[in-house]
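# What the coordinates show
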Amino acid sequence: MLLKNHLLEVFKKASSENNFLLKENIVLKWVHRFGIDSLNDLLICSPVQKENNKEENQEQIRLKSFKTLENSEETNCESNYLKNF
């Protein structure tokens, strides 16, 4: 089995198990061996990865929205506090 195929299989397995450390390790090995330009070959190959990316993107959007709301509330609280003085 070629190294590329082996790394693809391990990456797919790690994706299905949500093993982030193993996925990171595979990505580092892939980039070191094949270069950053070929990283899409690894990331696009896995349908599980595509689904995980969608979920992660949705989670990132939720987190950004929450942080924006949180910052807005802090600004409002600070503004109200300063108005009282």
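We now turn to the structure provided with this report. (Residues numbered from 1 in each chain as written. Predicted model: local features only at pLDDT ≥ 70, side-chain atom pairs only at ≥ 80, totals over all residues. Heavy atoms only, no water.)

## Some thoughts on helix α1 (residues 3–16)
How we decide: Each helix is a run of DSSP H or I of at least 4 residues and each strand a run of E of at least 2, with the numbering of both proceeding from the N terminus. Here the expected span of a helix is defined as 1.5 Å times the quantity of residues minus one. Only protein chains enter the accessibility calculation, which uses a 1.4 Å probe. A residue is then buried if its area is under 20% of the maximum for its type, exposed if over 50%, and partly exposed in between.
Taking 1.5 Å as the rise per residue, α1 with 14 residues should run 20 Å; its terminal C-alpha atoms sit 20 Å apart, in good agreement. Along α1, the residues that are buried comprise L7, L8, V10, F11, A14 and S15. Backbone geometry just downstream of α1 places N18 in the positive-phi region, at approximately 55 degrees.

## Focus on the packing of aromatic side chains
For the record, the criterion: What counts as a ring pair is set by centres within 6.5 Å for rings of Phe, Tyr and Trp (its six-membered ring), and what kind of pair is set by the plane angle: stacked under 30 degrees, edge-to-face over 60, tilted for all other angles. Ring-over charges, as used throughout, are those where CZ of Arg or NZ of Lys falls within 6 Å of the ring centre and within 35 degrees of the ring normal.
Counted according to the given criterion, the structure contains 1 aromatic pair. A centroid spacing of 4.9 Å and a plane angle of 55 degrees characterise the contact between W30 and F34, whose relative ring orientation is tilted. Of this pair, W30 and F34 both sit in helix α2 (residues 20–34), 4 residues apart, roughly one helical turn. With a relative accessible area of 26%, F34 lands in the partly exposed category. Positioned over the ring face of F34 is K4, at 5.1 Å from the centre of the ring.

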